[in-house]
Amino acid sequence: MNIHEFQAKQILGRFGAPVPKGQPASTADEAAAAFKALGQPKAVVKAQIHAGGRGKAGGVKLVSSADEARDFAAKLLGKTLVTHQTGPQGRVVRRVYVEEASQVARELYLGMLVDRKAGMVSVIASTEGGMDIEEVAAKTPEKIITEPINPLLGMSSFLGRKIAFALGLKDKQVNQFASLLGSMYKAFLETDASLVEINPLVVTQDGKVLCLDAKMSFDDNGLFRHPDIRELRDPNEEDPAETEAAKYDLSYVHLDGNIGCMVNGAGLAMATMDIVKFYGAEPANFLDVGGGANTEKVAAAFRILLSDERVKGVLINIFGGIMRCDVLAQGVVEAARQVNLKVPLVVRMEGTNVEQGKKILAESGIKVIAAADMADAARRVTEAIRA
Ligand code: GDP
Ligand code: MN
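Cut-off values and rules
Residues numbered from 1 in each chain as written. Chains lettered and ligands numbered in written order. Predicted model: local features only at pLDDT ≥ 70, side-chain atom pairs only at ≥ 80, totals over all residues. Heavy atoms only, no water. Core = buried A, V, L, I, M, F, W, Y, C linked by side-chain atoms within 4.5 Å. Buried < 20%, exposed > 50% of the residue type's maximum accessible area, 1.4 Å probe, protein only. Helix = DSSP H or I, 4+ residues; strand = E, 2+ residues; numbered from the N terminus. Contact = heavy atoms within 4.5 Å. Expected span 1.5 Å × (residues − 1). Near = heavy atom within 4 Å. Polar contact = N/O pair within 3.5 Å; in protein donor to acceptor, adjacent residues only side chain to side chain. Areas by Shrake-Rupley, 256 points an atom, 1.4 Å probe, with all protein chains shown as cover. Nonpolar A, V, L, I, M, F, W, Y, C, P; charged D, E, K, R; others polar. Domains from an automatic or database assignment. Donors = N, O, S within 2.8 Å, 3.2 Å for Na, K, Ca; no water. Pairing = 2+ DSSP bridges. Axes fitted to C-alpha atoms, helices over the stretch in contact; angles between N-to-C directions. Phe/Tyr/Trp six-rings, centres within 6.5 Å; stacked < 30°, edge-to-face > 60°. Parallel < 35°, antiparallel > 145°, perpendicular 65-115°, else oblique. Left-handed = near helix turned anticlockwise from the far one by under 90°. Salt bridge = Lys/Arg side-chain N within 4 Å of Asp/Glu carboxyl O.

Draft legend 1. Structural view of the nonpolar core. Ranked by size, the top nonpolar core spans 40 residues in total, and within it Leu110 and Met112 carry the most contacts. No other element matches helix 6 (residues 172-190), which puts 8 residues into this core. Ignoring anything within four residues of it in the chain, the contact list for Met112 reads Val121, Ser122, Val123, Ile149, Leu181, Met184, Tyr185, Phe188, Ser194, Leu195 and Val196. Judged by nonpolar contacts, the second largest core, of 33 residues, contains Ala241, Ala245, Ala299 and Ile316.

Draft legend 2. Geometry of helix 10 (residues 295-306). For helix 10, built from 12 residues, the straight-helix expectation of 16 Å at 1.5 Å per residue is met to within 8% by its first-to-last C-alpha distance of 17 Å. Those residues of helix 10 lying buried are Lys297, Val298, Ala299, Ala300, Ala301, Phe302, Ile304 and Leu305.

Draft legend 3. Inspection of the site of ligand 1 at higher detail. Looking at ligand 1, there are 15 residues lining it, with Lys46, Arg54, Gly55, Ser102 and Glu107 nearest. Contact between ligand 1 and Lys46: an oxygen atom at 2.4 Å from a side-chain N or O atom of the residue. In this structure, Glu107 approaches ligand 1 through a side-chain N or O atom, which is 2.5 Å from an oxygen atom. Computed on the free molecule, ligand 1 has an accessible area of 560 Å², of which 77% lies beneath the protein chains in the complex. Only strand 2 (43-47), strand 7 (104-115) and strand 10 (193-204) provide two or more residues apiece to the shell around ligand 1. Of the residues assigned to the shell around ligand 1, the class counts are 6 nonpolar, 5 polar and 4 charged. Taken together, domain 1 (1-20 + 104-238) and domain 2 (21-101) each give at least three residues to the shell around ligand 1, which thus spans both.

Draft legend 4. Layout of the environment of Gly129. For Gly129, the location among the structural elements is in the loop between strand 8 (120-126) and helix 4 (133-139). When near neighbours in sequence (up to four residues on either side) are disregarded, Gly129 contacts Glu107, Leu108, Tyr109, Asn199 and Pro200.

Draft legend 5. Here's a closer look at the coordination of the manganese ion (ligand 2). Within the first shell, the manganese ion (ligand 2) binds the protein through Asn199 (O) and Asp213 (OD), at distances of 2.1 to 2.2 Å. Separated by 14 residues along the polypeptide, Asn199 in strand 10 and Asp213 in the loop between strand 11 (209-211) and strand 12 (215-218) bring together distant segments of the chain. As far as burial versus exposure is concerned, Asn199 and Asp213 are alike and both buried.

Draft legend 6. Geometry of the sheet that holds strand 6 (residues 96-100). As summarised here, the arrangement of the 4 strands in space is 1-6-2-3, forming an open sheet in which the pairing is antiparallel. If you trace the sheet from one side to the other, it starts and ends with strand 1 (22-25) and strand 3 (60-63), each paired once. Across the sheet, the mean angle from the axis of one strand to that of its neighbour is 20°, orientation sign disregarded. In terms of strand pairing, strand 2 meets strand 3 through 4 bridges, oriented antiparallel. Bridging from a neighbouring strand, Lys46 pairs with Val60 of strand 3. The strands that helix 1 (residues 5-14) touches are strand 1, strand 2 and strand 6; relative to strand 6, the one it contacts most, it runs at about 45°.

Draft legend 7. Spotlight on the packing of aromatic side chains. Using the criterion set out here, one finds 2 aromatic pairs in the structure. Their ring planes at 35° and their centres at 5.8 Å tell us that Phe6 and Tyr97 sit as a pair that is tilted. With Phe6 in helix 1 and Tyr97 in strand 6, the pair connects residues that are 91 residues apart, well separated along the chain. For the pair Phe6 and Tyr97, one class covers both residues: buried.

Draft legend 8. Expanded view of the packing of helix 5 (residues 157-166) against helix 6. As a packed pair, helix 5 and helix 6 sit with axes 8 Å apart at the nearest point and diverge in direction by 125°. For the element pair helix 5 / helix 6, the angle class is oblique. The two elements helix 5 and helix 6 cross, and the hand of that crossing is right-handed. Residues Ser157, Gly160, Arg161, Ile163, Ala164 and Phe165 of helix 5 pack against Val174, Asn175, Phe177, Ala178 and Leu181 of helix 6. Class assignment for the residues of the contact of helix 5 with helix 6 results in 7 nonpolar, 3 polar and 1 charged.

Draft legend 9. A look at the pattern of salt bridges. With the rule as written, the count across this model stands at 23 salt bridges. Its salt-bridge partner being Glu5, residue Lys46 comes within 2.6 Å of it at the nearest N-O pair. In this pair, Lys46 is assigned in strand 2 and Glu5 in helix 1, connecting sequence segments 41 residues apart. Here the two residues Lys46 and Glu5 agree in accessibility, since each one is buried. The residue Lys186 makes a salt bridge to Glu190 at a minimum N-O spacing of 3.2 Å. You can see Lys186 and its partner Glu190 sitting in helix 6, 4 residues apart, about one turn around the helix. The exposure class of Lys186 is partly exposed, given its relative accessible area of 45%. On the accessibility criterion, Glu190 (45% relative accessible area) is partly exposed. Several salt bridges share partner residues, and in doing so they unite Glu5, Lys9, Lys46, Arg54, Glu99 and Asp213 into one network.

So, in structure tokens, the structure goes:
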């Protein structure tokens, strides 16, 4: 789960990280009031969407009066901002963040993430701040510093200073930076984060280290331990199909292909996606309805699949173990009636109550292409969308 910049800054600030003062605003008048409340000659107004690249896309502006803050907020709010991270459809700006402006001398990059290769949390840092870090990594990998944090030692000040020196930090900045890393690591562990990214981390003209931007992502499986963070979920920023799937406790991941797949069990889902690709088509999603799905859940899954207009064919591949094939068939029939099925539907099922399941489908009046096995199912659905 991702959160907004101002929320990430609030969390990091609570753990002692240096962040500028600021206030979120949902209306232009609130933005003007926020400018006045800061009581500074200059402020920065920033669009709050779950995507970076706002600066280049015109979503960040330095303002010098409450009126200017109001005007820029009015221009942003309700508008769609397209950045290199949003995709061409962009994101609607529903809130801005008004924060005190900083005088920037240097922009650095600082991140912390679960590093699967190292099996630890790693610090990623670079002197090339304020830029697209993926691009820096691709073009000038030598400018990326990666340091795993040994969980038994924690974020030691030795490691903090080592990274600070590698970034060319001097004097008081070195200890400020090491202390920031300590706060960041504590925040990372205690919130079950999977990523914290500060881009840019700046050195101000008066020599202070400051987090000018912040992004945090959390491990969904840890969210039950953090009701306060779970509250920050913003459904406007999520794929509506994934939000709907989460309501029914379905494991659903949206992909770019055109074959909708409904499967029970993550392993079988992966195998189904593989075999669809093997026969030359692309899966539109990963969807695991789980072991003990009831009719309602199956129907919801089917509706979610078909809500994706790119889906040109559906492949249902079920192995009835705990899941019974008649329950599945009932769910499919109900959902197909609700949605007025227009694309070819291929069903392969095997296992518990398979005969009853086949009978329900056969008597439903819905056009179902029955498949003998997985390969047959994948072949038939690929042929059906080409026909
Ligand atoms: P992003 O483009 O979505 O990653 O948004 P950022 O928060 O990183 O802002 C983009 C850029 O705006 C930064 O790299 C800075 O160069 C600039 N910026 C943001 N806040 C300030 C500020 O207070 N002072 C100055 N001088 N520049 C700022
Ligand atoms: Mn940024």
